[in-house]
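A look at the structure
This is what each chain is made of:
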Amino acid sequence: MATFTSIIFFVLSCVLSIPHSSFVRAKAENLNVLSVMKGNGGFSLIYYVAPFIAIIGMTKSFLGVGLSVAEMCGQLAASVSGKKTTTNKRVASLVLFLLTFSIVYANPDVLNLIETLCGPLIAVILFLIPVYLIYTRTALAQLRGVTVFLVMLGGVATLSALLWSII
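Residues numbered from 1 in each chain as written. Predicted model: local features only at pLDDT ≥ 70, side-chain atom pairs only at ≥ 80, totals over all residues. Heavy atoms only, no water.

This next bit is on helix α7 (residues 146-166). If you check α7, its first and last C-alpha atoms are 30 Å apart, about what 21 residues at 1.5 Å a residue would give, namely 30 Å. If you check which residues of α7 are buried, you get Val148, Gly155 and Leu162. In an axial view of α7, the angular spread of the buried residues amounts to 45°, which keeps them on one side of the axis. Away from its buried face by more than 90 degrees, α7 exposes Val146, Thr147, Leu150 and Trp164. (Helix = DSSP H or I, 4+ residues; strand = E, 2+ residues; numbered from the N terminus. Expected span 1.5 Å × (residues − 1). Buried < 20%, exposed > 50% of the residue type's maximum accessible area, 1.4 Å probe, protein only. Arc of directions from axis to C-beta.)

With that settled, the discussion passes to the packing of helix α6 (residues 110-136) against α7. The contact between α6 and α7 brings their axes to 9 Å, and the two run at 155°. By the angle class used here, α6 and α7 are roughly antiparallel. Regarding α6 and α7, the two cross each other, and that crossing is left-handed. Touching Glu115, Thr116, Gly119, Pro120, Ala123, Val124, Phe127, Leu128, Val131, Ile134 and Tyr135 of α6 are Val148, Val151, Met152, Gly154, Gly155, Val156, Thr158, Leu159, Leu162 and Ser165, all from α7. Taken together, the residues of the contact of α6 with α7 break down into 14 nonpolar, six polar and one charged. (Axes fitted to C-alpha atoms, helices over the stretch in contact; angles between N-to-C directions. Parallel < 35°, antiparallel > 145°, perpendicular 65-115°, else oblique. Left-handed = near helix turned anticlockwise from the far one by under 90°. Contact = heavy atoms within 4.5 Å. Nonpolar A, V, L, I, M, F, W, Y, C, P; charged D, E, K, R; others polar.)

In structure tokens, the structure reads:
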């Protein structure tokens, strides 16, 4: 809950303190919000603190997502191939490194990448798969109700944003 609160506080404070024109310029130039905050004035503390915030954020993302994905890929490869786990972890790490390197080299537009790939993927994982499991597993039957319907509506609304941008 503390993480959720801190993220919402950061997002709302950025939205309320930065003019809309700055966000439009940032989207056109593929900048993150820290770069926008840094560029809004002459001398400011954020100019010196922003790189540390970015490094901490990237490190947390790597430790929270990168290592868990590498571990999962290694275990998945081990269960599929039936070979030693250490070898599969090395192969999975190499594949993930090459995939990450190629994405960084291609330098895609981050906002479009989030909009077209991450948003729908998160909608499916966080909204639609749990709803599907609740309605297909008898052990989860006690969770069925209005809340699950609202969760499904959230997932469909997120996916509809992708479909709207495609049309």
